[in-house]
Amino acid sequence: MTLPIDPSVASSATEWAIPSVDGAAAEGAGAGAVQGEGSGFGSMLADQLGKLEGMQNEAADASQALATGQATDPEAVVMAVERARLSMQLASTLRNKAVEAVNDVFHTQV
């Protein structure tokens with residue numbers, strides 16, 4: 001049994017604040033307040049994409065070093081390439097799920 005959510009019972013705006021990625025509640029109830037602070041979903045997504053790009057570049061550099069004979073630890077190169085591959089696979093899966101969810105919302109009849 002689920003109970004309906006009644007927004008009229010909120011006693012203050014901080015109860016409806018959107019939490020940031022680190023768990024702290026952002027001041028204000030609008031997404032603009034969170035986005036303006038740089039701790040919103042968009043900035044988190046941009047940070048994660050930057051980390052993904054860094055992993056891809058690191059793997060490419062390690063592979064280049066292995067191919068030219070400059071790498072001393074082939075296991076580290078394989079681990080870097082595998083880490084980049086898995087990260088890219090996860091990002092691709094998340095993107096596909098997000099697109100699927102948006103399509104479901106668009107196709108929902110009201």
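Preceding this paragraph is the structure being described.
Residues numbered from 1 in each chain as written. Predicted model: local features only at pLDDT ≥ 70, side-chain atom pairs only at ≥ 80, totals over all residues. Heavy atoms only, no water.

Draft legend 1. Structural view of the overall build of the protein. For the protein, the helix and strand inventory stands at three helices and zero strands. Each helix (α) and strand (β) of the protein, taken in turn from the N terminus, gives the series α-α-α. Expressed as a percentage of the 110 residues in the protein, the buried residues total 12%. Here the analysis covers contacts within the protein between residues at least 6 apart in sequence; of these, 23% occur between residues at least 24 apart. (Helix = DSSP H or I, 4+ residues; strand = E, 2+ residues; numbered from the N terminus. Buried < 20%, exposed > 50% of the residue type's maximum accessible area, 1.4 Å probe, protein only. Contact = heavy atoms within 4.5 Å.)

Draft legend 2. A look at the layout of surface pockets. Taken as a whole, the largest pocket holds about 480 Å³ of empty space. Looking at the lining of the largest pocket, the elements that each hand over two or more residues are helix 2 (41-67) and helix 3 (74-106). Among the elements that line the lining of the largest pocket, the one with the most residues is helix 2, at eight residues. Across the lining of the largest pocket, the residue classes tally to 10 nonpolar, three polar and two charged. (1 Å grid on protein atoms, 1.4 Å probe; cavity = no way out; pocket = protein on both sides within 12 Å on 5 of 7 lines; lining within 4 Å. Points joined across faces, edges and corners; volume = space filled by probe spheres on them. Nonpolar A, V, L, I, M, F, W, Y, C, P; charged D, E, K, R; others polar.)

Draft legend 3. Structural context of helix 2. For helix 2, spanning 27 residues, the distance from its first C-alpha to its last is 39 Å, which sits close to the expected 39 Å at 1.5 Å a residue. By the burial criterion, the buried members of helix 2 are L52, A59, A62 and A65. Lining the buried residues of helix 2 we find helix 3. A positive backbone phi angle near 85° is found at G69, which sits one or two residues after helix 2. (Expected span 1.5 Å × (residues − 1).)

Draft legend 4. Up close: the pattern of salt bridges. Counted by the stated rule, this structure contains one salt bridge. Across the pair E82 and R85 runs a salt bridge whose closest N-O atoms are separated by 2.5 Å. In this pair, E82 and R85 are both assigned in helix 3, three residues apart and thus about one turn of the helix distant. (Salt bridge = Lys/Arg side-chain N within 4 Å of Asp/Glu carboxyl O.)

Draft legend 5. Quick look at a nonpolar patch on the surface. A cluster of nonpolar side chains, F41, L45 and L49, forms an exposed patch at the surface whose accessible area comes to about 320 Å². Position of L45 relative to the elements: it lies in helix 2. (Patch = residues over 30% accessible without salt bridge, like charges linked within 9 Å, V, L, I, M, F, W, Y side chains within 5 Å. Areas by Shrake-Rupley, 256 points an atom, 1.4 Å probe, with all protein chains shown as cover.)

Draft legend 6. Seen up close, the packing of helix 2 against helix 3. Contact geometry for helix 2 and helix 3: axes closest at 9 Å, N-to-C directions at 150°. Of the possible angle classes, the one that applies to helix 2 and helix 3 is roughly antiparallel. Handedness of the helix 2/helix 3 crossing: left-handed. Of the residues in helix 3, those in contact with L52, M55, Q56, E58, A59, A62, S63 and L66 of helix 2 are P74, V77, A80, V81, R83, A84, S87, M88 and A91. A per-class count over the contact of helix 2 with helix 3 returns 12 nonpolar, three polar and two charged. (Axes fitted to C-alpha atoms, helices over the stretch in contact; angles between N-to-C directions. Parallel < 35°, antiparallel > 145°, perpendicular 65-115°, else oblique. Left-handed = near helix turned anticlockwise from the far one by under 90°.)

Draft legend 7. The arrangement of helix 3 in detail. Over its 33 residues, helix 3 runs 48 Å from end to end, which matches the ideal 48 Å to within 8%, given 1.5 Å per residue. Of all the residues in helix 3, the buried ones are V77, A80, A84 and S87. In this fold, the buried residues of helix 3 make contact with helix 2.

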